[in-house]
Every structure is written in C-alpha cells, then in structure tokens.
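An overview of the molecular structure
What follows is each chain in one-letter form.
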Amino acid sequence: MKKLIALIVLAAAATASAAKVSSVKVKALDRFGGDTGAVVSRCQTKVGETYDPTTVSRDVNSLKASNEFEEISADADHGENGVDVVFYVRRKVRFLKPLVIEGNEFFTASRVTKEAALTDGSLYGEGELADAAARVRAAYRKKDFADVKVTPRVDVVSGNDARITLVIVEGERRKVRSVVFEGAAHAVETSVINRNLNPFHSLEDGEFDAIVLHEAVQDYPWWNPVGWFLEGPLDPERRRAAVAAAYRDNGYLDVRVTGPKSVPTDDGRVDVVYKVDEGVRYLVGNVSIRGLKHYSEKDVASRSEIPERGSVASQKALDAAAQSIRIAVCSGDIGLADAHVQTKHIPSASGGATADIVFKVTEGVPVRINEVKIVGNDYTKDKVIRREIALGPGDRMLEDRAERSRKRLENLDYFSRVHYYLAATDLGKDANGAEYRDLVYQVEEKNTGSFMVGVGASSVDSVYVSAELNQNNFDLFAPSKLFRGGGQKGRAYVAWGPRYQSAEIGVVEPYFMNRMLELSVDAYRRMRWYDQYDLIRSGGMASLSYPVKFWPTWEPFGRLGVGISGEFIEFDDVERGTYYTKSGREVSFVDEERKYGDAFEPVLHLFWVKDGRDSFRIPTKGFRTRVSADVAPGGDNKYWKLGFNHRHYWTVWKRYGHVLMAGVRAETIDGISDDVPIYNRMFLGGPKSIRGIEYRHVSPHVRKDDSRHWEPWGGQTLFCANFEYTIPIVKMFRFAVFSDVGSVGEDEFDLDFSDTFAWTVGLGLRLDIPMFPIRLDFATPVEKPDHAEDEVFSFTIGYDF
C-alpha cells in the first residue's frame, strides 16, 4: 500500500512538473491604462512551454532590474488545461516638467524645485516621490518649520506620463529652544567638561550619557561643528527610530518612543518633546543557539562573537552576534547558504534585569558556485572588482569569504553600497548534492573624484592658494570614460604662495601587470623659501612594492618596495656673508650654492612599510612603520641614508574615545665621496616635528661673522619622539596634550643629546573637518638648544604628521 501511495505521489509530481503554460497575462495595479503586452514580450515564460517557477522568478527579477516598475509580483494558477501565469505590475510615472508647487510662501517655487531634485523625463515611483517630498521637508525644518507637511500629487497626462504637484502646508515657523526626552530617567545630561575631561566622572549602573540621544536626533549646540555640515533634520519617524536604537544599544530592549511633539514655550519658541517608556535594562543571561542540525552548538559558538554572560544586552552586540553565527553556519566544513538567524530575548525565570538570549537558526543548503557575476558597475572594470573577491567558479559557497570580499570592495571606496546574493541556475546539483548557483555582487557606484580650490595656511608655509584634482578610481587609458574605472589612483596638485610653491602629478597602479605589484609614479616641481636661501627641486620617482610574508605564519606583513628617483636641485636668492661653526670652521651659504647648486641626484630606494592603523585619517588603534635605505651612487651628490619611522596608537579609554599616540623617528646620512649638501642635511622644529621651537631650529647652528646672529646649519643624524593624548570634546573636535623630544647630531650615527637636545610640552585643539582638518598647538620648551628660538603657537592643515 505504501509503495502504491508513493507511486501516485511521484506521478502527480511528475505531472505537475511537466505542466504547460496555458496563458501569460499582465495585470496593471496602476491607473495609466495602455498596452501591457510589452511586459509579456520581455518575459522568458511563454505559452506552450513547460512551467518552471525558476523562470518566473527570473522574469520578476529581470523586470525589477529595469527600474521601470515600482512593484512586481507573479502568481501561478494550476488548472486542468495547464498553468495560468499572471504578472502583477505597478508602473512608475514619467515626470513631465515643470514641477507644480502649491502652498509655498517662505521658499520660492524654484527653491522647492531644486530641493525636490526631480529630473524631466525620468521615472519615479511612490517611494521616490516620497523621498523628494522628504528633501523639501528637510529644507523647511532646517529653517524652523517643524510641522511642515509636503504631499506629492500625481496627475496622469497620457500613458504613464504625468504632472507632479507638491502640496505644501508650511505651518508656523518657530525656533527650537530645546529637545526634551520625557521619561528618560537613565539618560543623564552631563557637561562637556565632566564627560570628557573629568577622570572621576562616572555614571550609576544603568545610566548612560544623554548626548547619544541628542546626537541620534541631530540636536547639536551652535558651536559644535558637526551641525554645520548637516543637510537638515531627520524626519520624525527616523528620529523616533534613532532614539529607540540608542536605548536598545544600551540594553533597553523593550523601549518605546513616541513623538516628537512641538510644545510652544513662553518666549515664542518650541520644545521638541519625545516620550520614552524605557522598560528594563537587560544584562545577558544564558545564551543558546538552537536549530542546528549539521553543526554542534559548541562549534558554531567558538566561531562566533557570542556576548558574555553578565554584559549589557546591547542590540548592536546581539545583531553582531547573530550575523557572526549566520556566517559561521554558512561557512566551515559544510557551508550552508541561505541560513537565517533570529534573535529573541526572554526575561530570566529568576527575575531581575537578566534576559536569556536565544539565537534560532534556520539552516540552508550547501551550494557550489557556477559563476561570479558583477552587476551595477557602469564604468568600473570587472577585473577591478573580481580581484577583490576570494571566491570563484567551482568553489563551495563560504559566507566568511564572501563577506570578507564585500568588505574589501567597500574599503576601495568606489561604491556607495555593496551587497551579494545567490541566484538560482538550471544546472541542478553536483555529485555531493550541492546546488549550483551564481554568486552575484551588486554594486552602486559613487563619485570617486574630487576637485578642490582653496586657501591653505600654516605657521611654516604662510598663506598659499591651492588646487587639487583627485580620482581614486582612475584609468589612465580610458578617456572615453573620463579616465575612470581602472582602479588606479590619480592626483594633480598645484599651490602658490610667498614661501611655498608646488606642482605635482602622480598615478598609482595597485595591480601592475595583473599582479599584487603596486606601481607608483610621481613628477613634481617644488619651491620653498627659507630665511637664508630659496630651494627649487624638480624631479620624479617610480617605485614597485609587493606584500611580503614572514615565518612562521607566512601571512602578508607589510610591503617591500624598490624605487628610483631623479631630481634636479637649484638654489636662488642665497644670503651673503661668512659664518663660523662651533669649532670655528668657516662656512657660507654661497659656498653651498657654488658646490652643490644645479645638481642632479639619481637615487635608489629600498623600503618596507606596514600600515595597521584602523583609519589613515584619525587613527584610534594600530601602528604604521616604515624602514628605508637610500643610496645615490652617481650624479653630482653621492651619499647613503637610513631611516626608521614608527607611530603607534592605543585607545586608552574606549568609552570616551581617548587615544594615546607615540611616535619615533630616526635618520642618518653620510656622503660617499664628499660632504652632505645643506639641502640633504637634517633639521627638527616646527609643527610637524618638535612643536614649541621654530621651524628647523633644532640642529647645529653657525654664527654670522663676529655678531650674535646664528642660523641653522643642519646635521647628519636625527632623532625625534612625539607623544600625544587626544580627548574628544564633541564629534569632529578634540583636545590634545603632547610632548616632543629630539635632537640632531652633527655627524653620521651621532645621537647628540647635549648641544641640540630639545624637549617641549603643550596643548592643542583638533578640528576634524572632512578634507580640511585643522591642528592648533600651543607649546613651550622645557629644554632647547642654544640659539634656537621659541614658537609658542603653530598651526597646520592636514591629518596626523
């Protein structure tokens, strides 16, 4: 009997799988009318062919990818005569300008049109029109119209061509006095001084700083530079969600937030009020992973980021744990794609503020990769993306490799969004039962170029005008794509000022000859004005570097490189007069020009560099080390030079973002057949080495004639150590305390800690404006060389020196 039932079931399944498509129809959910036959013609599902749900799914995805439809779904009705397939579509409207504006008084119609940013002839769905309305609302709210309403209205002209109207109800304009969180008993308002500078400041158990709630709704005081760069306040729904997320990240998983509500005040302004029901702040109790069939719970937990018992049940930590569990299940020896993880918190039976955390796993299936496909790259070459992907055709789908590849693509900074998914194929399964699927990486390209014109300044270079053109996704051989998409880096820079002038151009190819060889080529002409002479350097450099591996891990650890440079060096406007060294030897800057002016220097370079910082702009942990050896065997100046530079960063107080930096720099140089020219000798002092002492004043000096006038002459060995402790005051604004020490010895390998030793201490401010960071320092010497002059205040534009 059981065999007979099984045969009947198999026969029914075979009949269903062999069913023919009897009709393909399209039902429009919009009100545009017109012919929908064009939709049918673009589908692979055809009348008379065998019904295949995979083909229907592929048709739906293809129609979605066309960006012509706001909503697409499909249904299949199995009948006696076959399968009737129906596609349900909601088409987008085609915008016909002008945009009609109603109800606007404060803003002109042209200003509203600019904020809406709708393009004539483009297709828009309800969601995209809602985004346009949100942009207009944001502009109004930035001008203190807290209750403004903007509603899009669509009037169909013919087909899907439409006129679009934005109906605006501006409401009353009132400035916001304060943002209030009613019921936020555990969100403590603290001062900037207490929060960041008071080492004895602490919060009670369960409390957190209310600053996170204000930042969540973008409520910044006028003096905070973060608020200067905001496009406008978030919409109310996003602000509520942001407040709730801030609470959940502090363990209040059951929080409820309502509002905001504008409450008029006596002075004609309004308070923006949110009502918060905090609920219980949970700590992590027992943690379990359920639903596993192919892996043991212990194995998955060992490869995941499981929150510790007794720690705060932060939603961010729970989400990270769930993601790590999903990756562990989708990787390992089996690799089960399409796994899902749900997180539940269950108040412990023992009561109190402890919650048991349950991760419910729904395992997927093993998958073999058929093809790796790239979608969305309009100008970035496929090979630029593929070389960052650690999976290929024939590989088992392993989520950890796929996720690592996604992060590598994000780190390129070419794309605003990167995600991947598995697409079904009609290839069935391999011999081990793994499904063949395509791995698809979908990217959204963003602007990778920048052009900046501005005025720069520093206490060394004075004021100068500069222009810089950068392309981080450069392609030297693609003029038709505006030199974009090759994964190279291109830069052109010019600057002009009374003390500093420069013209530079450079290209970096990170995969030279399709290998992990980084080729860097630069050319430049720089002029710098010193008190004693002007110096002009014109030249270029080319280098190749490769990631090196060391025993016992044989993992890549830094890059080893070689390079060659050629430079022509000229003096100008040289100071006349005779000078004397400390030992009484007669020297002059005119002699330096006569012996070493108009010189050509070809130099061979060998270097190793390792950059393990978490950010190259504002590091909080990690280090960067560079070791170099240069030799100039020919040309007009023959010399050798050794160098070492190391900077290390530690997060000292993670809660408040305190960071300690320690740096050490050491260099020495010597001539092979002659003395070292002054432009190759070494100096310290100034905002990028030893703050508190004039630029280049930490070095051996020479005395002019028999006067008391001394000038820096330079040495052949340099040592410098910098220590800096930074404290965030608010976002983009940091306070710093620092100390610098160093000396410059007269000869090679001459660590002189007597005549030229300097030690300074100071305070600083760091304004971390994107692309325009400013460093302000106030320092004073504890000890300094004879004849070195103080520089109490210094400033630079740029990141860490």
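Residues numbered from 1 in each chain as written. Predicted model: local features only at pLDDT ≥ 70, side-chain atom pairs only at ≥ 80, totals over all residues. Heavy atoms only, no water.

1. Description of the pairing of strand β37 (residues 733-745)
Rules: A 1.4 Å probe rolled over the protein chains alone gives each residue an accessible area, and that area as a share of the maximum for its type sets the label: buried under 20%, exposed over 50%, partly exposed in between. Secondary structure follows DSSP: runs of H or I at least 4 residues long count as helices, runs of E at least 2 residues long count as strands, and numbering of each begins at the N terminus. Two strands form a pair only when DSSP identifies at least two bridges running between them.
Burial of β37 is extensive: 10 of the 13 residues sit out of reach of the surface. By the bridge criterion, 13 bridges tie strand β36 (residues 717-730) to β37 in an arrangement that is antiparallel. Residue pairing in the sheet places Thr 717 in a bridge with Gly 745 of β37. Counting the residues that bridge the hairpin from β36 to β37 gives two residues, and of these Met 732 lies at a positive phi of roughly 75°. Where β37 meets strand β38 (residues 758-767), 10 bridges bridge the pair, whose relative direction is antiparallel. Opposite Asp 740, over in β38, you have Thr 760 as the bridge partner.

2. Thoughts on unusual backbone geometry
For the bond from Lys 97 to Pro 98, the omega torsion is 5°, close enough to zero to count as cis. When you line up the elements, Pro 98 lands in the loop between β4 (93-95) and β5 (100-102). A cis amide bond, omega 5°, links Gly 259 with the succeeding residue Pro 260. Position of Pro 260 relative to the elements: it lies in strand β12 (residues 256-264). One non-glycine residue, Ser 462, lies in positive phi territory at about 65°. Examined against the element boundaries, Ser 462 turns out to sit in strand β22 (residues 462-474). Ser 462 sits in the partly exposed class, given a relative accessible area of 28%. Positive phi, normally seen in glycine, also occurs at Leu 482, with a value near 60°. Looking at where Leu 482 falls in the secondary structure, it is placed in the loop between β22 and β23 (488-496). Accessibility expressed as a relative area gives 62% for Leu 482, which makes it exposed.

3. Re the layout of surface pockets
Cut-off, in case you're wondering: As defined here, a cavity is a set of points on a 1 Å grid over the protein atoms alone where a 1.4 Å probe fits but cannot get out. A pocket is an open set with protein on both sides within 12 Å along at least five of seven lines, and residues line them when an atom is within 4 Å of a point. Grid points are joined across faces, edges and corners, and a volume is the space filled by probe spheres set on the points. Classes in brief: Ala, Val, Leu, Ile, Met, Phe, Trp, Tyr, Cys and Pro nonpolar; Asp, Glu, Lys and Arg charged; the others, Gly included, polar.
In this model, the second largest pocket occupies a volume close to 1300 Å³. Along the wall of the second largest pocket there are 49 residues; nearest its centre are Lys 654, Arg 655, Tyr 656, Gly 657 and Pro 728. Grouping the amino acids of the lining of the second largest pocket by side-chain chemistry returns 20 nonpolar, 10 polar and 19 charged.

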